[in-house]
Amino acid sequence: MSGMEIKMQTKSQNTADQFNFDQFQFGVKATDHILVARYREGEWQSAAIQPFEHLSISPLAMCLHYGQTVFEGLKAYKQVNGELSIFRLDRHYERMNESLQRMAMPNVPEELFKDGIIKLVELEKEWISDREGYSLYIRPFMIATEERLGVSISKEYLFMVVCTPMAAYYAKPLKVKVERQYTRAAKGGVGAAKNGGNYGAAYYPANLAQQEGFDQVIWTDAETHNYVEESGTMNLMFIVDGVLLTPPTGETILSGVTRDSLIQIAKDFGWQVEVRPISLDEIKQAFDIGKKVEAFGVGTAAVVAPFELIQLDKVNYQPYVGDDAQMYQLKQKLTAIRSGAEEDTYGWSFKPITNCYSDAGKMS
Ligand code: COI
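These remarks concern the structure in this document. (Residues numbered from 1 in each chain as written. Predicted model: local features only at pLDDT ≥ 70, side-chain atom pairs only at ≥ 80, totals over all residues. Heavy atoms only, no water.)

Our focus in this paragraph is the overall build of the protein chain. Summing up its helical and strand segments, the protein chain has eight helices and 18 strands in all. Whereas a compact globule of 364 residues would reach a radius of gyration of roughly 21 Å, the protein chain reaches 21 Å, a difference of no more than 12%. Across its three principal directions, the C-alpha atoms of the protein chain cover 65 × 55 × 35 Å. Taking all 364 residues of the protein chain together, the buried fraction comes to 54%. Within the protein chain, residue pairs in contact and separated by at least 24 positions form 72% of the contacts whose partners lie at least 6 positions apart. (Helix = DSSP H or I, 4+ residues; strand = E, 2+ residues; numbered from the N terminus. Rg over C-alpha atoms; globule rule 2.2 N^0.38 Å. Buried < 20%, exposed > 50% of the residue type's maximum accessible area, 1.4 Å probe, protein only. Contact = heavy atoms within 4.5 Å.)

In structure tokens:
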């Protein structure tokens, strides 16, 4: 990597074999190593992959006060032929820097992001279970660490990457409520960035909905609350009488990588795809006149999360979730590409050389 090497300090043994993959819960168990890189005085000073450990930062660290944080989420897979693959590494790299720019944080150099993730994934490949539907969730993130309570752009940062074992994020179809009071993002704000604050700010309305028995909310636009935007932490899609509908990304809707991948797959299936604003009236009408409506959230963690109930202005609607729902075709194709069961004609699966089932790259 140009000018800066990633130092490797690895554990003598990984602990994946001590982890109970059947008791999977998202994001509660970190794998054995972490990548940590430090930025100060206008440049990246050091980078190392080292045993996972707790951080020590000053209580004055600016991220703890003013929310200058950005994260990404991507996945690595064990392919059917034994190769390791990382899904859409390039696009996640680009999006990380788009988010960093909006949060006035320095870019992560491409070599640091990509080589760091590749090295870490190779080291942690034992954490990818052979069970169906399992993968490795990779969480790159950056925080402002300058010690100062002054409200200004931090001059120091930590860029880190941690990994956790991954299986199904949602175990069953979701019940969601259309949120028309609270707002996730407004034009000119940070809704398009993967800034931690966007997620923290969503807890309160999501929790109110959960108290009413819903799993998540469908966010609507800040100005009129008449147009759907996202759902929970996912992009939102409908299939209405065979037509795939999804709102356009932009200032208030995250440019989801899964969303983008599924749109391309749907187009290649020959489906009609409409990326345009979708009003609540349109959805309501589709249900009222008996159209077949599928509704689902899409995201790296959730992949395709079907909705079995949508509550809109106190009226419950039931999207179609039968086994032959079209959304499962999208999910199946994406899963097959990621696992290598079907050819990746899109060039989405980045393959480091390591073969998961060989001893190559094993930690010494
Ligand atoms: C992802 O799907 O990677 C996300 O960012 C959602 C996450 C907050 C669990």
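Before going further, it helps to spend a moment on the site of the ligand. Near the ligand you find F26, F71, G73, Y137, R139, Y169, K194, Y199, T233, T300 and A301, and these make up its full shell. Within the contact set of the ligand, an oxygen atom lies 2.5 Å away from a side-chain nitrogen or oxygen of K194. With respect to the ligand, the backbone of A301 contributes an N or O atom lying 2.8 Å from an oxygen atom. Its free accessible area being 280 Å², the ligand has 91% of it covered by the protein chains. Among the residues making up the shell around the ligand, the classes are represented as six nonpolar, three polar and two charged. (Near = heavy atom within 4 Å. Polar contact = N/O pair within 3.5 Å; in protein donor to acceptor, adjacent residues only side chain to side chain. Areas by Shrake-Rupley, 256 points an atom, 1.4 Å probe, with all protein chains shown as cover. Nonpolar A, V, L, I, M, F, W, Y, C, P; charged D, E, K, R; others polar.)

Next up on the list: the pattern of salt bridges. Taken as a whole and judged by the stated rule, the model has 20 salt bridges. In this structure, the salt-bridge partner of D32 is K11, at a minimum N-O distance of 3.0 Å. Placement of the pair is D32 in the loop between β1 (6–8) and β2 (33–40) and K11 in the loop between β1 and β2, with a sequence separation of 21 residues. D32 sits in the buried class, given a relative accessible area of 3%. Exposure remark for K11: the relative accessible area of 28% places this residue in the partly exposed category. The salt bridge involving E146 is made with R148; its shortest N-O contact spans 2.7 Å. When its relative accessible area of 10% is taken as the criterion, E146 is described as buried. Classification of R148 as partly exposed rests on a relative accessible area of 27%. Counted as one network, the salt bridges with shared partners bring together D90, E110 and K114. (Salt bridge = Lys/Arg side-chain N within 4 Å of Asp/Glu carboxyl O.)

Turning next to the packing of helix α6 (residues 257–268) against helix α8 (residues 326–339). Closest axis-to-axis distance for the α6/α8 pair is 10 Å, and the angle between their directions is 105°. By the angle between their directions, the pair α6 and α8 is classed as roughly perpendicular. Contact with α6, carried on its side by T258, S261, L262, I265 and A266, involves L330, K333, L334, I337 and R338 of α8 and no other residues of that element. Across the contact of α6 with α8, the residue classes tally to six nonpolar, two polar and two charged. (Axes fitted to C-alpha atoms, helices over the stretch in contact; angles between N-to-C directions. Parallel < 35°, antiparallel > 145°, perpendicular 65-115°, else oblique.)

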